[in-house]
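Structural description and commentary
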Amino acid sequence: MPLSRLRLSNFRNLVDVDLEVPAGVSVFYGGNAQGKTALVEAVYILAIARSFRAENERELVNFGAVGNGDVAIVEGLVDDEESVSPRRVIVGYRVSGSDSPGGRSYRISKEIRVDRVRRTAAGLVGLVHAVLFTALDIDLIQGSPSGRRRFLDILISQADPLYLKALQRYQQVLRQRNRLLRMRREGRASPEEMEYWDGELVKEGAWLTWRRHEVMEVLTPSCVRHHKDLSGDGEKLDLQYRPSVPLAECSDGTAVNYRELLELVSAREAATAATAAGPHRDDFDIIVNGLDMGAYASRGQARTLALALRLGEAETLSAVRGREPLLLLDDALSEMDAVRRERVLEKASHYPQVLITTTDPEQVAGFFGAGAFYFRVGGGQVLPLDGVP
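The notes below deal with the structure included here.

Reading the values: rules and limits
Residues numbered from 1 in each chain as written. Predicted model: local features only at pLDDT ≥ 70, side-chain atom pairs only at ≥ 80, totals over all residues. Heavy atoms only, no water. Buried < 20%, exposed > 50% of the residue type's maximum accessible area, 1.4 Å probe, protein only. Helix = DSSP H or I, 4+ residues; strand = E, 2+ residues; numbered from the N terminus. Pairing = 2+ DSSP bridges. Axes fitted to C-alpha atoms, helices over the stretch in contact; angles between N-to-C directions. Arc of directions from axis to C-beta. Contact = heavy atoms within 4.5 Å. Parallel < 35°, antiparallel > 145°, perpendicular 65-115°, else oblique. Left-handed = near helix turned anticlockwise from the far one by under 90°. Nonpolar A, V, L, I, M, F, W, Y, C, P; charged D, E, K, R; others polar.

The next subject is the pairing of strand β9 (residues 237-242). For a regular strand, side-chain orientation follows a simple rule: the groups alternate between the two sheet faces. Residues of β9 alternate between two faces, with Leu 237, Leu 239 and Tyr 241 buried on one and Asp 238, Gln 240 and Arg 242 left unburied on the opposite face. With six bridges joining them, β9 and strand β10 (residues 283-288) adopt antiparallel strand pairing. Bridge assignment links Tyr 241 to a residue of β10, and that residue is Phe 284.

Structure below.
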C-alpha cells in the first residue's frame, strides 16, 4: 500500500495527528471545517509537493504556530517499489513575519526531505502515486483550460519523472522569452537575442506536447470505458487533445512545426509582448454525442464526466507505473445519486488503499459495511472507531 503512517504538526487545524493508515478503505467523517479536507490535502502534498487548494502556502500553517514561530510538518511513511523498507517523507513549512509601513508581511519557506536527504519538488513527485477526487472537479469540465492542463501535468509528472523537470524548464524559458519580448517592444533588445530562447522553447515545448499526446492516447479509451459504466450506453464520450502546436509524426517533427508557428505569430507577439504558441496554451475538448460539454453539460453530466476523468487518471497511472495509486475522495460523493455512488465505490474498492472523507458516513458504510475502517474527525483530532458508525 502507498502510505502506512501519517504525522501532522501545526498543519491547518490539525495541530498534532499521528495516524496509522491501514490498507483498504478508510473513511474519515465529521462536520464541516473539522479537518477532513486538510487530512486529504496533507496526503496529496506527499504526492505532488503542493496543496491542491491553498492560494498561498502560508495558509497551511496553523495560525497559532505562526505567532509562536513554529513550523508545520507533513510526514508520511510511504512505500517505494525501489526500496525494501518504507521511505520517510517530510514536507515542512516555516513562516517568518516582518513589520513594514504597509503592515505585517510574511515569508514562507518550504523544505522537502526523503529519508533525511533534501529533495526538490521534482525529486519528490512520483514517489507516491495519488489521484484526488474532489467536489470541485466539476471545474475540469466547465472551467478554464488551465485546470485541464494542470490535470494532465499532474498525471504525467507522476507517471514520468522527466516530465516535471521539462515542464519547469519550459516555464523558466517562457518567462525569460516573455521578458525579452517586452524589452523588444520598448526598444531595449534585438531580434538576435531571441534566437537562443526560441531554440530552448521549441526543444522543451515540442517534447511536452508530444508526451501529452502520448498520454491522451492512453487516457481517452480508459475514460470512455469508465464513463460508459457510470452513465450507460446513451452517452458517447470522446476526448480531443487540442495542442497549440500542430502535431507531427514524432517529437522532432512537432519541433519543426513549432518553429514554423513561431514565425507565423511573430507579429502578434511583438504587439502583445507575450509568447503566443506553446504547451501553455494547450487544452482538450470533452465531447459527448458530438456536443462540447464545456458549454452544454448539465451539472449532473459534468460531475459524472469529472469522475470518469479521475478514474481514467488512476487507471492510466496504474498502466504506466505498474502499480495502483492511492485514491483520495474528498467529499466527492456528496452530489451523486445512489446508483452512481455505488458504481464509484465499487471501482474504488479494487485499489489497495483508498481514503474517503464525508459528512455522512452512511453513504459509504451502506456499501462497505465492516469492510472499511472508520475515523471520526473533530476538534483537530482523528479518532479511529472499533466498528461501523
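A few words now on the sheet that holds strand β13 (residues 353-358). Read from one edge of the open sheet, six strands run β8-β12-β13-β3-β14-β15, paired in mixed fashion. This sheet does not close on itself; its edge strands, each paired only once, are β8 (130-134) and β15 (381-384). Going across the sheet, the axis of each strand differs from the next one's by a mean of 20°, ignoring polarity.

A positive phi angle, close to 55°, is found at Asn 10, a residue other than glycine. Structurally, Asn 10 can be placed in strand β1 (residues 3-11). For Asn 10, a relative accessible area of 12% gives the class buried. The backbone phi angle of Asn 289 is positive, close to 50°, even though this residue is not glycine. Within the element layout of this structure, Asn 289 appears in the loop between β10 and β11 (291-292).

Below, the discussion takes up the pairing of strand β4 (residues 71-78). Of the pairings in the sheet, the one linking β1 to β4 comprises six bridges and is antiparallel in character. If you follow Arg 7 over to β4, its bridge partner there is Glu 75. Of the strand pairs in this sheet, β4 and strand β5 (residues 87-100) are connected by eight bridges, and their pairing is antiparallel. Bridge assignment links Val 74 to a residue of β5, and that residue is Val 91.

Among the residues of helix α12 (residues 338-348), Arg 341, Val 344, Leu 345, Lys 347 and Ala 348 are the ones counted as buried. An end-on view of α12 places all buried positions within 160° of arc, on one side of the element. In this structure, the buried side of α12 is in contact with α7 (194-231), α11 (299-321), β12 (326-330), β13 and α13 (362-368).

Further remarks concern the packing of α7 against α11. At a minimum axis distance of 8 Å, the contact between α7 and α11 shows a crossing angle of 130°. On the basis of the axis angle, α7 is oblique to α11. Handedness of the α7/α11 crossing: right-handed. Here α7 contributes Val 215, Val 218, Leu 219, Ser 222, Cys 223, Arg 225, His 226, His 227, Leu 230 and Ser 231 to the contact with α11, which in turn contributes Thr 304, Leu 305, Leu 307, Ala 308, Leu 309, Leu 311, Gly 312, Glu 313, Glu 315 and Thr 316. For the contact of α7 with α11, the per-class residue count stands at ten nonpolar, seven polar and three charged.

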